[in-house]
Amino acid sequence: MESPIQPAVRQINVYPVKSVGGYRLDEVPVEPWGPAGDRRWMVVDAAGKAVTQREQARLALAAARALPDGSVRLSAPGREDLTVAVPEPIGASAVTLFGKKVEAIAADEAAHAWFSDHLGVEVRLVHLDDPATRRPIDPDFALPGETVSFADGFPLLVATTASLDALNSLIAQGDRPHEGPLPMNRFRPNVVVDGTEAWAEDHWSRIAIGEVVFRVAKPCGRCVITTTDQASAERGREPLRTLARHRRFGTQLVFGQNVVPERPGVIRTGDPVRVLA
């Protein structure tokens, strides 16, 4: 009898600027608050409130890459690339993310102008200078002292290819089949896992990826960003329409799992994924 397929990491993604396109890596150090370089930057409006694809779908058309010194290189179709240096760790001020205040440091004026021109509204780019202290994870799902970057709520998001295949099959059977199949980038995961059954992640509570052990904190409730084509910034109705019919957990429409590292370490594409509990 053939042995079952061992789940393994298919893809690792990092998104240096919240709600902006990221890139794949073969390996990445996992810090207590998330993958190195992930969501350390965020766009805010004139009042300091976070701006994401929820409000500005055109953020999908921009991309960002973290550089070794912590700076970030911005790009978008029809625009000159811009490298933004990490600002000096002084003069932090409060910005607002999901109704809560977070201390952050403004980037330079060129970064503000780049994003403002791209979106057609006045915005600023800010940097999370001290992820170890600035933003605690929701205490309902965290241990004391656990923090997170500018990610929605947790250090990493894990999704599986089998669940995406199952979701796309459901979309194909629904009333808007022309909107599928959807690519994984609609869900913006950090880690994509192959070799599981569909929705197997619903039953995970603790997993190991390579040398790092993660606590599975909660399923990921999805929003309108998942309906946004990441290549065109056009919105549809899927996958929320199908998730509402088949993947409603309480008040949330669920795809993927939010996880918290128990200790730092490096994860790599091809690493086995072991379900510990």
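Keep in mind that this is a model prediction, so the values were computed, not measured.

Student: I would appreciate a short explanation of the overall build of the protein chain in the present structure.
Tutor: Counting secondary structure elements, the protein chain contains 3 helices and 19 strands. Its C-alpha radius of gyration of 18 Å places the protein chain within 12% of the 19 Å reference for a compact globule of 277 residues. When the backbone C-alpha atoms are referred to their principal axes, the protein chain occupies close to 60 × 45 × 35 Å. Residues counted as buried form 51% of the 277 residues belonging to the protein chain. Intrachain contacts of the protein chain at a sequence separation of at least 6 include 69% that bridge at least 24 residues. Only carbon and sulfur atoms are counted for the fraction: they give 51% of the accessible area of the protein chain, which is about 12600 Å². Computed over 32 positive and 35 negative side-chain charges, the inter-centroid distance for the protein chain is 5 Å.

Student: So what exactly am I meant to see when it comes to the pairing of strand 9 (residues 93-97) here?
Tutor: The two faces of the sheet receive side chains in turn, since in a regular strand these alternate between them. As paired elements, strand 9 and strand 10 (residues 100-106) share 5 bridges and run antiparallel to each other. By the bridge assignment for strand 10, T96 is matched with K101.

Student: Explain the side chain of T147 to me, please; I cannot follow it from the model alone.
Tutor: With respect to the helices, strands and loops of the structure, T147 is situated in the loop between strand 11 (123-127) and strand 12 (156-160). Residue class for T147 comes out buried when judged on its relative accessible area of 8%. Separated by 2.7 Å, the side chain of T147 and the backbone oxygen of P131 make a polar contact. When neighbours within four sequence positions are excluded, T147 is seen to be in contact with P32, W33, P131, A132, T133, R135, P136, I137 and P155.

Definitions and limits used
Residues numbered from 1 in each chain as written. Predicted model: local features only at pLDDT ≥ 70, side-chain atom pairs only at ≥ 80, totals over all residues. Heavy atoms only, no water. Helix = DSSP H or I, 4+ residues; strand = E, 2+ residues; numbered from the N terminus. Rg over C-alpha atoms; globule rule 2.2 N^0.38 Å. Buried < 20%, exposed > 50% of the residue type's maximum accessible area, 1.4 Å probe, protein only. Contact = heavy atoms within 4.5 Å. Areas by Shrake-Rupley, 256 points an atom, 1.4 Å probe, with all protein chains shown as cover. Lys, Arg positive; Asp, Glu negative; His and termini not counted. Charge placed at Lys NZ, Arg CZ, Asp CG, Glu CD. Pairing = 2+ DSSP bridges. Polar contact = N/O pair within 3.5 Å; in protein donor to acceptor, adjacent residues only side chain to side chain.

Everything listed is a geometric property; what it means functionally is a separate question.
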